[in-house]
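Chain by chain, the residues:
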Amino acid sequence: MKILRRIFRTLWNWLRIAESFWWCLRNRLKFDPTWRIAGHLYVVRPPFYHRQPEIRIGRHFTAISRFTSNSLGLIQPVMVHAEIGAKLTIGNNVGLSGSSICATEEVSIGDRVLIGSGTIITDSDAHPLLPEERNMPNKTKHRPIHIGNDVFIGARCLILKGVTIGDGAVIGAGSVVTKDVPPHAVFAGNPAQFVKLLTPQR
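Residues numbered from 1 in each chain as written. Predicted model: local features only at pLDDT ≥ 70, side-chain atom pairs only at ≥ 80, totals over all residues. Heavy atoms only, no water.

Let's shift gears to the overall build of the protein. For the protein, the count of helices and strands is 1 helix and 18 strands. Within the protein, the proportion of its 202 residues that are buried is 42%. Counting contacts in the protein only where the partners sit at least 6 residues apart, residues at least 24 apart contribute 36% of the total. With the model as given, the accessible surface of the protein reaches about 11800 Å², and the carbon-plus-sulfur share is 58%. (Helix = DSSP H or I, 4+ residues; strand = E, 2+ residues; numbered from the N terminus. Buried < 20%, exposed > 50% of the residue type's maximum accessible area, 1.4 Å probe, protein only. Contact = heavy atoms within 4.5 Å. Areas by Shrake-Rupley, 256 points an atom, 1.4 Å probe, with all protein chains shown as cover.)

Moving on, we get to the pattern of salt bridges. In this structure the tally under the stated criterion is 3 salt bridges. With a shortest N-O distance of 3.3 Å, Arg56 and Glu54 are connected by a salt bridge. Looking at Glu54, the relative accessible area reads 35%, which means it is partly exposed. The closest approach of N and O atoms between Lys161 and Asp125, which form a salt bridge, is 3.0 Å. One end of the pair, Lys161, is in the loop between strand E13 (158-159) and strand E14 (164-165); the other, Asp125, is in the loop between strand E10 (120-122) and strand E11 (145-147), with 36 residues separating them in the sequence. (Salt bridge = Lys/Arg side-chain N within 4 Å of Asp/Glu carboxyl O.)

Moving on to the sheet that holds strand E12 (residues 152-153). An order of E1-E3-E6-E9-E12-E15-E17-E18 is seen for the 8 strands of this open sheet, with the pairing classed as mixed. Both outer strands of the open sheet, strand E1 (36-38) and strand E18 (193-197), are each paired with one neighbouring strand and no more. Pairing between E12 and strand E15 (residues 170-171): 2 bridges, direction parallel. Residue pairing for E15: Phe152 is matched across the bridge by Val170. (Pairing = 2+ DSSP bridges.)

Attention now goes to the packing of aromatic side chains. Within this structure, the stated rule accounts for 2 aromatic pairs. Here the aromatic rings of Trp35 and Phe61 are separated by 6.3 Å at their centres, their planes lie at 80 degrees, and the arrangement is edge-to-face. Taken together, the positions of Trp35 in the loop between helix H1 (2-26) and E1 and Phe61 in the loop between strand E2 (54-57) and strand E3 (62-64) put the pair 26 residues apart, joining distant regions of the chain. Neither Trp35 nor Phe61 differs from the other in exposure class; each is buried. Centroid distance Phe187 to Phe194: 6.0 Å. Interplanar angle 75 degrees. Geometry classified as edge-to-face. Judged by its relative accessible area of 5%, Phe187 falls in the buried class. (Phe/Tyr/Trp six-rings, centres within 6.5 Å; stacked < 30°, edge-to-face > 60°.)

Glancing now at the side chain of Ser175. Position of Ser175 relative to the elements: it lies in the loop between E15 and strand E16 (176-177). You can call Ser175 buried: its relative accessible area is 0%. Here the side chain of Ser175 touches Gly189 through a polar contact of 3.1 Å, landing on its backbone nitrogen. Beyond its immediate chain neighbours, meaning those up to four positions away, Ser175 contacts Arg156, Cys157, Leu158, Phe187, Ala188, Gly189 and Ala192. (Polar contact = N/O pair within 3.5 Å; in protein donor to acceptor, adjacent residues only side chain to side chain.)

A few words now on the nonpolar core. Phe61, Ile109, Ile121, Ile147 and Ile165 are the most contacted members of the largest nonpolar core, which totals 38 residues. Those elements that place two or more of their residues in this core are E2, strand E4 (79-82), strand E5 (87-90), strand E7 (100-103), strand E8 (106-109), E11 and strand E17 (185-188). If near-sequence neighbours (up to four positions away) are discounted, Ile121 is found in contact with Ser100, Ile101, Cys102, Val107, Ile109, Ile115, Ile145, Ile147 and Ile159. (Core = buried A, V, L, I, M, F, W, Y, C linked by side-chain atoms within 4.5 Å.)

Attention now moves to a positive patch on the surface. A surface patch of like charges, here positive, comprises Lys2, Arg5, Arg6 and Arg9. Looking at the secondary structure, you find Arg5 in helix H1. (Patch = residues over 30% accessible without salt bridge, like charges linked within 9 Å, V, L, I, M, F, W, Y side chains within 5 Å. Lys, Arg positive; Asp, Glu negative; His and termini not counted. Charge placed at Lys NZ, Arg CZ, Asp CG, Glu CD.)

Time to look at the confidence of the model for the protein. Per-residue pLDDT for the protein has a mean of 83; in total, 80% of the residues score no lower than 70. Throughout residues 41-50 the model reports pLDDT below 50, and contacts reaching past four residues in sequence, or to other chains, amount to 35 contacts. (pLDDT = per-residue confidence, 0-100.)

Within a sheet, adjacent strands bond to each other through the backbone by hydrogen bonds, running parallel or antiparallel. Judged by pairing direction, the sheet is parallel, and its 5 strands sit side by side in the order E4-E7-E10-E13-E16 without closing on themselves. Edge positions in the sheet fall to E4 and E16, since each has one partner strand and no second.

The following block contains the structure:
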């Protein structure tokens, strides 16, 4: 019985890889077999409208969408969404758990970044603020987001448009980041404020 389960698990994993490879090939997204996807048959589901957005995902990308694969549980699956003409870059060894990334203009994420459960990263307001403009998508404000290398973003955070987060920074759980975060700084709160600088342990 154990042998049969092992064979079934192996076949299922190969099916997932084949399905993901075919989906990426069909949508001109470079597939990498080092990606680890838990809870999704497909790797990512960016909606390709009339023109393909520019999406690049590095090696050893991890997306956790299975409830039992995260110690805190998940409130949603991982969603990667890129609008028409947007640029989305995810570096090597990046891990997401039940998080959303939405690129209307540009979102770039460096290497070795950890993004906690329930976090939303969006470079757009989604809708204009003025009631009379809310049915006018061209009035929606958006600015690029840049996240450096070795950044740790805690659970349930919001990273909003125009923000740059420096290398090695830490964003505390539940924070709303509305302004730039310097390298190796800890920011927390709503809106996120400076807490301290990280210093290497000796």
